[in-house]
Amino acid sequence: MSGSPPSEWQYVAGAYTVVFVTVLLWIAIVAAKLQRLQRQLAELVEKARVRDG
Amino acid sequence: MTPRLKLPVLAACSTGLLGLALALVFFYAPTDADQGFSQRIFYFHVPIALTSYACFGWGAWKALRYLRTRDERADTESYVAIHQGVMFGALTLVTGSIWAKASWGVWWSWSENQLVLFLVLFLFYCAYFMLRFSVEPGSARANMSAVYALFGVVLIPVSFLAIRLSQKFIHPVVFNSHGPQMAGSQFLTFCVALAAVLALFATLYQVELAGKRIDAHLRELRELLT
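Structure report, in brief. (Residues numbered from 1 in each chain as written. Chains lettered and ligands numbered in written order. Predicted model: local features only at pLDDT ≥ 70, side-chain atom pairs only at ≥ 80, totals over all residues. Heavy atoms only, no water.)

What follows is about the overall build of chain B. Along the backbone of chain B there are seven helices and two strands. Secondary structure of chain B in N-to-C order comes out as α-α-α-α-α-α-β-β-α. By the burial criterion, 45% of the 226 residues in chain B qualify as buried. Considering only intrachain contacts with a sequence separation of at least 6, the fraction spanning at least 24 residues in chain B is 75%. (Helix = DSSP H or I, 4+ residues; strand = E, 2+ residues; numbered from the N terminus. Buried < 20%, exposed > 50% of the residue type's maximum accessible area, 1.4 Å probe, protein only. Contact = heavy atoms within 4.5 Å.)

A few words now on the interface of chain B and chain A. Contacts between the two partners involve 35 residues from chain B and, on the opposite side, 22 residues from chain A. Roughly 2,500 Å² is buried in total at the junction of chain B and chain A, and carbon and sulfur atoms are behind 77% of that figure. At the junction of chain B with chain A, the criterion picks out one salt bridge. Run the count over chain B and chain A and you get four residue pairs in polar contact (both at pLDDT 80 or more). Sorting the residues of the side of chain B that touches chain A by element identifies helix H1 (3-27), helix H2 (42-69), helix H3 (72-104) and helix H7 (184-225) of chain B as the ones contributing at least two each. Residues that form the side of chain B that touches chain A fall into these classes: 22 nonpolar, seven polar and six charged. (Buried area = accessible area lost by both parts, 1.4 Å probe. Salt bridge = Lys/Arg side-chain N within 4 Å of Asp/Glu carboxyl O. Polar contact = N/O pair within 3.5 Å; in protein donor to acceptor, adjacent residues only side chain to side chain. Nonpolar A, V, L, I, M, F, W, Y, C, P; charged D, E, K, R; others polar.)

Relative to the elements of secondary structure, B:Glu208 occurs in helix H7. No salt bridge is formed by the buried B:Glu208; the nearest opposite charge belongs to B:Lys212, separated by 4.6 Å. Not counting residues up to four positions away in its chain, the partners in contact with B:Glu208 are A:Trp26, B:Tyr79, B:Val80, B:His83 and B:Gln84. (Lys, Arg positive; Asp, Glu negative; His and termini not counted.)

Glancing now at the packing of H3(B) against H7(B). Residue and element names in this part refer to chain B. Following both chains from N to C, one finds H3 and H7 inclined at 135°, their axes separated by 10 Å at the closest point. The pairing of H3 with H7 is recorded here as oblique in orientation. The element H3 and its partner H7 pack so that their crossing is right-handed. Residue-level contacts link Thr76, Glu77, Tyr79, Val80, Ala81, His83, Gln84, Met87 and Phe88 of H3 to Val197, Leu200, Phe201, Leu204, Tyr205, Glu208, Leu209, Lys212 and Arg213 of H7. Tallied by class, the residues present in the contact of H3 with H7 amount to 11 nonpolar, three polar and four charged. (Axes fitted to C-alpha atoms, helices over the stretch in contact; angles between N-to-C directions. Parallel < 35°, antiparallel > 145°, perpendicular 65-115°, else oblique. Left-handed = near helix turned anticlockwise from the far one by under 90°.)

Next up on the list: the packing of aromatic side chains. Each aromatic ring pair is described using two quantities: the centre-to-centre distance and the angle formed by the ring planes. Scanning the entire structure with this criterion turns up 18 aromatic pairs over all chains. With a centroid separation of 6.3 Å and an interplanar angle of 70°, the aromatic rings of A:Tyr11 and B:Trp107 are classed as edge-to-face. On the criterion of chain membership, the pair formed by A:Tyr11 in helix H1 (residues 8-51) and B:Trp107 in the loop between H3 and helix H4 (113-133) is interchain, its members lying in two chains. Since its relative accessible area comes to 12%, A:Tyr11 is described here as buried. A relative accessible area of 46% means that B:Trp107 is categorised as partly exposed. Here the aromatic rings of B:Phe124 and B:Tyr125 are separated by 5.5 Å at their centres, their planes lie at 80°, and the arrangement is edge-to-face. (Phe/Tyr/Trp six-rings, centres within 6.5 Å; stacked < 30°, edge-to-face > 60°.)

We now examine the side chain of B:Ser109. Residue and element names in this part refer to chain B. Here Ser109 shows up in the loop between H3 and H4. On the accessibility criterion, Ser109 (11% relative accessible area) is buried. At 3.0 Å, the side chain of Ser109 and the side chain of Ser111 are in polar contact. Among all residues touching Ser109, those that are not within four sequence positions of it are Leu115 and Val116.

Further remarks concern the environment of B:Arg132. Residues and elements named next belong to chain B. Within the secondary structure layout, Arg132 lies in helix H4. On the basis of relative accessibility, which here comes to 5%, the residue Arg132 falls in the buried class. Once residues lying within four places of it in the same chain are set aside, the contact partners of Arg132 are Asp75, Tyr79, Arg141 and Ser145. A distance of 3.3 Å separates polar atoms of two side chains, one belonging to Arg132 and the other to Ser145.

Before going further, it helps to spend a moment on the environment of A:Gly53. All names here are of chain A. Within the element layout of this structure, Gly53 appears in the segment after H1. In this structure Gly53 comes out as exposed when scored by relative accessible area, which is 93%. With 13 residues separating them along the chain, Gly53 and Gln40 place their C-alpha atoms 20 Å apart.

Everything listed here is a matter of geometry and, on its own, says nothing about what the molecule does.
Next comes the structure, spelled out in structure tokens:
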């Protein structure tokens, strides 16, 4: 890797990558939360079934 | 539009608009004569900053609605809007910092009122979460959060106008009393990018809100079953 400072397009690419990665990370967090909610819902359905016999 | 349809339509709109905005930024907008290629950061940096102001404003409006109606849904909506605002605020600071390094040669300048005031606004709303989660859930927490969100909204015009009130600055002023100081193609690109980021906010807001509502319903269901 050379020691020269990044060129303008590298800064632009960096800025847009930060935005893209943040949105992706946010989607990953929401996906993880959805999985947790799905699991909790399945547990509650199971509990309701057991209660109803 | 029914809520079941609203979210997919919003998501499709924001994806389409983001794609269009990126295409315009890189293939349509001309390279700025003054700042060069790095000026292309402007097309997402400024809409993200304006969206974070919109998020905080929306959060304050919902907080006001909570104080008037005591509707718990308004409290949740205020919280989600501020949460999104902090996320967009962090992105504003990071993209702005990268642009500053490309244009001015520094990552940050403490002498710039606009930057410092935006940082103050961002930290103010970060502290909102410390306040909110230091109090047990209930009406006391919702009241405190709502009052705090309303106080914060005062900082928005201060932050927005700081650059115009400042006598000495290096932060560029693109919109002044004479209108946008850019070419028509640049302004069109900016408008599409602003619409894209606002649509992204609307989508993320609805998704997070839906998650919070499902969470609350599950908690209620668990209490009913135990």
